[in-house]
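Now for the letters of each chain:
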Amino acid sequence: MALHFTSGVLVVVLLVVSGSMVMGQNSEATTDPSNMNTTSSTSAATITTPTTATTTTTTTTTPETSVTTDTTETTTEAIPTTEPPSTSSEAAPTTTEEPPTTTESPTTPVPDSKYTVKDGNLTCVMVEGEISFTINYLTAKNETKVAKVKVPEHGGKASGTCNGADGTQSITISWTEEETSSTTFTFSKSNDNWSISSFTASLYLNNKTFSDSAIAGKMMDLVIYSSLNPFDVAVNFSLNCHSTISTSNVTGTVEKEEYDLPLSSSFSQIHIEAFNEIQNEPDFVASVHCAADKTSDIVPIAVGCALAGLVVIVLIAYLVGRRRRSGAYQSV
């Protein structure tokens, strides 16, 4: 009986051992696929985003013992990487427009046609206009010719004085053509009026103008008795004369010998001022006009009367002609 008990115990032990071994094999067999699935699932989770976590429950039943294995599959959710938006900054093309270069032609300054004499800020004497001298001369063939010498309206040199020793003022205009020529105005003042007291000239008779004359290359001195009217002008006023004023009251000498052929002088568009007392006044002050600029009323009155008489004559001729035509129609 003891033998039977021992045999029974041995059978039970063998059954337990064999059962444990079978259960261990089944457990390993169950665990391996689970690991494979876990790896595969993890790999898939890496590819597909986002991925949900999966839990697999495997139940293995053996003849005697039931073993339940819970395998939890842990998946790591890959955080999507957000790439910063690609910024492509295209630099706008910069076009720098060059300003158009304008080359200004140099302006030629207009020469001043006034000849002036100054004393500090005071311009006491001014002369502007056309001044000329007419000279009759004999040629080598004993023919009489006429030449004109003009004072340049600009380009000459002016000199003079505002405070002469005898209370006069003067201006000398000089210019050069082969040799120096000049003309001088002297002014005097009396009772707040000024006047031209003398007008002289010293002219070089150049070889070009007087080439066929015995006086060529010599100096001629002139004294001109001006006929500008009004003769007296108020202080701080100028004398303006647009008309051409000529005078033949001129005497001349050549090398201190009296010149016996006709001589004359003329002014045109002349403007003269002396004894100006206004400081810092570079231009002519208020002016009075010469008598030649004042047109007489007789001329327009005479023209008007002539036109009125012409109209009356035409009207009478028209009426006479019309009466004659109407008388001819009645006789027919």
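Please read these numbers as outputs of a predicted model, since none were measured by experiment.

Novice: Help me out: how do you make sense of the side chain of S213 in this one?
Specialist: Tracing the sequence through the fold places S213 in the loop between β9 (193-204) and β10 (219-224). What makes S213 buried here is its relative accessible area of 12%.

Novice: What should I look at first to understand the confidence of the model for the protein chain in this one?
Specialist: Reading predicted coordinates in detail is not appropriate for stretches of low pLDDT. Averaged over every residue, the pLDDT of the protein chain is 74; residues scoring 70 or more account for 62%. Scored below 50 in pLDDT, residues 84-89 makes 0 contacts in the model with residues more than four places away or belonging to other chains.

Novice: Even after reading the chapter, I still don't get the state of the cysteines, so can you show me in this structure?
Specialist: Counted under the stated rule, the structure contains 2 disulfides. There is a disulfide in this structure between C124 and C162, and the S-S distance comes to 1.9 Å. Handedness of the C124-C162 disulfide follows from its S-S torsion of about -80°: it is left-handed. You can see C124 sitting in strand β4 (residues 122-138) and its partner C162 sitting in the loop between β6 (157-161) and β7 (169-177), a full 38 residues away along the chain. Taken individually, C124 and C162 each receive the classification buried, so the pair is uniform in this respect. Numbered in order of appearance, the disulfide-bonded cysteines of the protein chain are paired 1-2, 3-4.

About the cut-offs
- Residues numbered from 1 in each chain as written.
- Predicted model: local features only at pLDDT ≥ 70, side-chain atom pairs only at ≥ 80, totals over all residues.
- Heavy atoms only, no water.
- Helix = DSSP H or I, 4+ residues; strand = E, 2+ residues; numbered from the N terminus.
- Buried < 20%, exposed > 50% of the residue type's maximum accessible area, 1.4 Å probe, protein only.
- pLDDT = per-residue confidence, 0-100.
- Contact = heavy atoms within 4.5 Å.
- Disulfide = S-S within 2.5 Å.

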